[in-house]
Amino acid sequence: MILMDAKEMAAKMAQESIADCVVAVSPEFDTFQKMALKNSLEIAGLKPLAFVSENMAASIRYAIDGLVAKDPSTVMYINMGAGSFKVSLMKHFKENSTETQKVVDKIEVMGEAWDKTLGGRQFDYEVAELLADKFNALPQRKGKKDIRENKKAMRKLLAAAEGYKEKLTAAKFLKVYVDNLEDYVDLVVEITREEFEKRVSKFEPRVARVINEAIKDANVQLPDVDAIELVGSGLRVPLVMDMIVRALNGTKPSQRLNQEEAISFGSGFLAARLSHSFKVKTILPTLSSNYEISMELKSLHDTPCTDSLKLECSKKPFHFRSALMKRKEKYDTGKLVKIPFNSDFSATLYESITDIGEAPVVRKLMSFKIKGVNEVAAKLDTPFKAVSYTHLRAHETSLHLVCRLLLEKKKKKKK
């Protein structure tokens, strides 16, 4: 429903039908999450041209606005939305394009880190919890059940918390009024900024941790960062800004980007560039893998092949696993994996999901079998070696994973 509504709103504004789109996603999205989103988009009648990370989309807007101070330039993007906190370091630089034969703007991911559960909504929950404590402490509530057991009442408190959160970080105290919260009892209390800060102070180490991990992942030091930009409505809260400034050793981020619109504008620009209907400034973002992808190859038969076919035979069943695509390696990159045997085999792709402070979680992406290798080999006049050519082809879409087998003829040695 959300995607359908977005499609209808876009069609109204454009005054024409919408078929294609570019979608900005959090950098921690894995392959299964992207595929689920792709399926949802197709159900809504939309064809995704690309998935781009939120901070990469913001960096595109940054480049469009001509905010890059020098070449090359390292820019940190700090992004807090409703549900998560993401920090990325991007390299902005100029390079000669082989396509246009002109100097173009390029953007590469240097390092990224995130906290999947730390967003503006967490601060809303803390205000709601504070209000729940205040309500339970009212004399009229003595001997009654905890208000938290009433889901409808807690939703009402959460809605009120959203409005009071930003005001509370700018004022020392606030008068709160929530009409008829439960059993015809109104909530009329005063909450202080000190109470709020005490409840959310536990989030500050998590904010600092994500920033430090992103810097570490980029293999730079804080003084090497040329600019720091803010993205996302969650950073409108002054208290969160104070946490960030302390994590940056007193450095205040600039606020030249429109925090709410930068991601949407960057995504729209990328959609226009991928379309054949628009001609826009050439800005080339490098879309890369957030997680390592590995391939496992295993022979299907225990019996090794014979030398009668003039093949490179394995003397025992074959089984090995190797990294196919490392983190931050760009899509649309060809990979050659040599296979030193000629019998039928299976290929399985895995994705290694890594988060700060957690052990990697390895998930199986797909598995397929390559059969008939011996039959093909028997028809060849010259010896050959089997090579699996795996190509993470995306045309900057990050949507498809293509694997195919090539039978490469073995070069004869010169006498």
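Read on for a plain summary of the structure. Being a predicted model, the structure only gives us computed values, none of them experimental.

**What about the nonpolar core?**
Residues Met76, Ile78, Leu187 and Ile211 are the most contacted members of the largest nonpolar core, which totals 57 residues. Here the element with the most residues in this core is helix H5 (residues 151-170); it accounts for eight residues. Each residue touching Ile211, except ones within four places of it in the same chain, is listed here: Met76, Ile78, Phe85, Val87, Ile244, Ala247 and Leu248. Within the second largest apolar cluster, 39 residues are counted, among which are Met90, Ile107, Phe345 and Val373.

**As for the pairing of strand E13 (residues 345-353)**
Counting buried positions along E13 yields nine of nine residues, so the element is predominantly enclosed. Of the two faces of E13, the one carrying Phe345, Ala347, Leu349, Glu351 and Ile353 and the one carrying Ser346, Thr348, Tyr350 and Ser352 are both buried. Relative to E13, strand E10 (residues 292-299) runs antiparallel, the two being bridged by eight bridges. The residue bridging Ile293 from the neighbouring strand is Glu351, located in E13.

**Some details on the pattern of salt bridges**
In the structure shown here, the tally under the stated rule is 29 salt bridges. For Asp146, the salt bridge goes to Arg148, with nearest N and O atoms at 3.1 Å. Assessed through its relative accessible area of 30%, Asp146 is described here as partly exposed. Taking relative accessible area as the criterion, Arg148 reaches 28% and is therefore assigned partly exposed. Between Glu260 and Arg236 there is a salt bridge, with the nearest N and O atoms lying 2.8 Å from each other. With a gap of 24 residues between them, Glu260 in the loop between helix H8 (238-247) and helix H9 (262-274) and Arg236 in the loop between strand E8 (227-231) and H8 connect regions that are remote in the sequence. On the basis of relative accessibility, which here comes to 41%, the residue Arg236 falls in the partly exposed class.

**Let's talk about the layout of surface pockets**
When its volume is computed, the largest pocket comes out at roughly 1300 Å³. For the lining of the largest pocket, the secondary-structure elements that each account for two or more residues are helix H1 (2-14), strand E1 (20-25), helix H2 (31-43) and H9. The element best represented in the lining of the largest pocket is H9, accounting for seven residues.

**Describing empty space enclosed by the protein**
Throughout the structure, instances matching the rule amount to three cavities of 30 Å³ or more. If you add up the space inside the largest cavity, you get close to 140 Å³. Taken together, 16 residues make up the lining of the largest cavity; nearest its centre are Val52, Ser53, Leu287, Ser288 and Asn290. Those elements giving two or more residues to the lining of the largest cavity turn out to be strand E2 (47-53) and strand E5 (103-115). With three residues, the single largest contributor to the lining of the largest cavity is E2. When the residues that make up the lining of the largest cavity are grouped by side-chain class, the tally is eight nonpolar, six polar and two charged.

**Regarding the packing of aromatic side chains**
The tally for this structure, following the rule as stated, stands at three aromatic pairs. Just above the ring of Phe265 sits the side chain of Arg61; from NZ or CZ to the centre is 3.8 Å. Over the ring of Tyr350 we find Arg321, and its NZ or CZ is 4.0 Å from the ring centre.

**Section: the sheet that holds strand E11 (residues 319-325)**
Judged by pairing direction, the sheet is antiparallel, and its four strands sit side by side in the order E11-E10-E13-E14 without closing on themselves. Each edge of the open sheet carries a strand with a single partner, namely E11 and strand E14 (361-370). Taken pair by pair, the neighbouring strands of this sheet meet at an average axis angle of 20 degrees, ignoring direction. Here E10 pairs with E11 via six bridges, running antiparallel. Across the sheet, Ile293 pairs through a bridge with Met325, a residue of E11.

**Overview of a positive patch on the surface**
A cluster of like positive charges, contributed by Lys151, Lys152, Arg155 and Lys156, occupies part of the molecular surface. Take Arg155: it is sitting in helix H5. Take Arg155: its relative accessible area is 55%, and that puts it in the exposed class.

**Some remarks on the pairing of strand E6 (residues 173-182)**
Alignment of E6 against strand E7 (residues 185-192), held across seven bridges, turns out to be antiparallel. Residue pairing in the sheet places Tyr177 in a bridge with Val188 of E7. The loop that links E6 with its antiparallel partner E7 comprises two residues; one of these, Asp183, has a positive phi angle of about 50 degrees.

Thresholds, definitions, all that
- Residues numbered from 1 in each chain as written.
- Predicted model: local features only at pLDDT ≥ 70, side-chain atom pairs only at ≥ 80, totals over all residues.
- Heavy atoms only, no water.
- Core = buried A, V, L, I, M, F, W, Y, C linked by side-chain atoms within 4.5 Å.
- Buried < 20%, exposed > 50% of the residue type's maximum accessible area, 1.4 Å probe, protein only.
- Helix = DSSP H or I, 4+ residues; strand = E, 2+ residues; numbered from the N terminus.
- Contact = heavy atoms within 4.5 Å.
- Pairing = 2+ DSSP bridges.
- Salt bridge = Lys/Arg side-chain N within 4 Å of Asp/Glu carboxyl O.
- 1 Å grid on protein atoms, 1.4 Å probe; cavity = no way out; pocket = protein on both sides within 12 Å on 5 of 7 lines; lining within 4 Å.
- Points joined across faces, edges and corners; volume = space filled by probe spheres on them.
- Nonpolar A, V, L, I, M, F, W, Y, C, P; charged D, E, K, R; others polar.
- Phe/Tyr/Trp six-rings, centres within 6.5 Å; stacked < 30°, edge-to-face > 60°.
- Lys NZ or Arg CZ within 6 Å of the ring centre and 35° of its normal.
- Axes fitted to C-alpha atoms, helices over the stretch in contact; angles between N-to-C directions.
- Patch = residues over 30% accessible without salt bridge, like charges linked within 9 Å, V, L, I, M, F, W, Y side chains within 5 Å.
- Areas by Shrake-Rupley, 256 points an atom, 1.4 Å probe, with all protein chains shown as cover.
- Lys, Arg positive; Asp, Glu negative; His and termini not counted.
- Charge placed at Lys NZ, Arg CZ, Asp CG, Glu CD.

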